Amino acid sequence: MSREYPIISVTGSSGAGTTTVKRTFERMFAREDVHAAFVDGDAFHRYTRQELARIFNEEPERKDELSHFAVEANLLDRLGDLFQEYGESGTGTFRHYIHAEDKKMIEAGQQVGTFTEWQPLPTGTDLLFYEGLHGGLVTSDVDIARHVDLLVGVAPTMNLEWIQKIDRDMHARGYTQEAVLDTILGRMDDYVRYILPQFSRTHINFQRVPTVDTSNPFEVQDIPTDAESFVVIRFRDPATVDFPYLLSMIHDAFMSRPHTLVVPGARLSLAMELILGPLVRHLLAQRRFR
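In this convention, every chain numbers its residues from 1, walking through the sequence in written order. A pLDDT threshold of at least 70 governs which residues receive local features in this predicted model, and a stricter bar of 80 or more applies before side-chain atom pairs are shown or counted, although totals over entire chains, interfaces and linings include all residues. Processing note: side-chain calculations cover all non-hydrogen atoms of the structure and skip hydrogens and water entirely.

## Describing the sheet that holds strand β5 (residues 127-132)
Sheet strands pair by backbone hydrogen bonding; their relative direction is either parallel or antiparallel. Two strands form a pair only when DSSP identifies at least two bridges running between them. Put simply, DSSP marks the helices as runs of H or I at least four residues long and the strands as runs of E at least two long, and each gets a number from the N terminus on. Strand order in the open sheet made by the eight strands is β2-β5-β1-β6-β7-β8-β10-β9, with mixed pairing throughout. Both edges of this open sheet fall to β2 (36-40) and β9 (254-257), since each of them pairs with a single strand only. Along the sheet, successive strands turn relative to each other by an average axial angle of 20°, direction set aside. Looking at chain direction, strand β1 (residues 7-11) and strand β6 (residues 150-154) are connected through four bridges and run parallel. Within β6, the residue paired with Val10 across the bridge is Val152. In what follows, residue pairs with any heavy atoms lying within 4.5 Å of each other are defined as contacts. Here the axes come from fitting lines to C-alpha atoms, over the contacting stretch only for helices, and the angles between their N-to-C directions go from 0 to 180 degrees. Contacts from helix α1 (residues 18-32) reach β1, β2, β5 and β6 within the one sheet, and its direction differs from that of β5 by about 160°.

See the structure below:
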């Protein structure tokens, strides 16, 4: 049964490329005149950067326990409540986590690594769009995935994911390579426990695979370009996908398995538009109007 207020969730780990998918949705929403409520998964971290630093200084043994992937370091019950409330009434509360890239907020006096105040979602939206770490999470205590109408996973090959994270954290956020490596290693248990299982619940996965040597992701190198990559797209329900149409529209695309389409990296935006556009329109067409 379709809901009046659908939820789209793009999930993937830090540095995976979920922001690129978000921008594709933003362009699609603008073209289709869709009014979305945008929610950033980082806003549901439990601690500010300063609070985490104080905890790690006083209790260094907790550093691995409180990675951003871990359930203990996030307000996942509040995220679940938001999804449930929005799905039922189109309302809810959210906030924003300040990154170094948020220049306007920083110029307005906000500090990197802190949160804005909680505030109501915009009124009159057509759907809720979430992008973050836990959009398809299921644990013994919380089930985020059950609220999501369209769950999209973004999961580059492991070495490529690390290369992208190292590049972003060093150049955009000012971390040393050693600090980024320490973060990656410290998060590994939570990555396996909480992030990876989500990709078995997604409706669609986009996985970028480089065609250049990424054997040692910790060797300083350029991020493989779209032209140096393929994207593997896996569909949970292939019976609903018009593969002949996609193959005819995306040059050099091919099927590797009955539920898997492979496209050149340079044609990822086109593939996303062709695949995701009809799904968004279907969600909105099936809304129950009161």
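## Observations regarding the packing of helix α5 (residues 158-171) against helix α6 (residues 177-195)
In contact at an axis separation of 10 Å, α5 and α6 are set at 135° when each is read in the N-to-C sense. The pairing of α5 with α6 is recorded here as oblique in orientation. The chirality of how α5 crosses α6 is right-handed. Residue-level inspection shows Met158, Glu161, Trp162, Lys165, Ile166, Asp169 and Met170 of α5 in contact with α6, the latter providing Gln177, Val180, Thr183, Ile184, Arg187, Met188 and Tyr191. When residues are sorted by character, Ala, Val, Leu, Ile, Met, Phe, Trp, Tyr, Cys and Pro go into the nonpolar class, Asp, Glu, Lys and Arg into the charged class, and all the rest, Gly among them, into the polar class. A breakdown of the residues in the contact of α5 with α6 according to their chemical character gives eight nonpolar, two polar and four charged. Throughout, the term roughly parallel applies to angles under 35 degrees, roughly antiparallel to angles over 145, roughly perpendicular to angles from 65 to 115, and oblique to all others. Rotating anticlockwise by less than a right angle from the far helix to the near helix defines a left-handed crossing, while the corresponding clockwise rotation defines a right-handed one.

## Observations concerning the pattern of salt bridges
Think of a salt bridge as a Lys or Arg side-chain nitrogen and an Asp or Glu carboxyl oxygen that are within 4 Å of each other. Considering all chains together, one arrives at five salt bridges under this definition. The partner of Arg281 in a salt bridge is Glu32, and the shortest N-O contact between them spans 3.0 Å. Residue Arg281 is found in helix α8 (residues 268-285), and its partner Glu32 is found in helix α1; the two are separated by 249 residues along the sequence. A 1.4 Å probe rolled over the protein chains alone gives each residue an accessible area, and that area as a share of the maximum for its type sets the label: buried under 20%, exposed over 50%, partly exposed in between. A relative accessible area of 33% places Glu32 in the partly exposed class. One salt bridge connects Arg62 with Glu59, and the closest N-O pair in it is separated by 3.5 Å.

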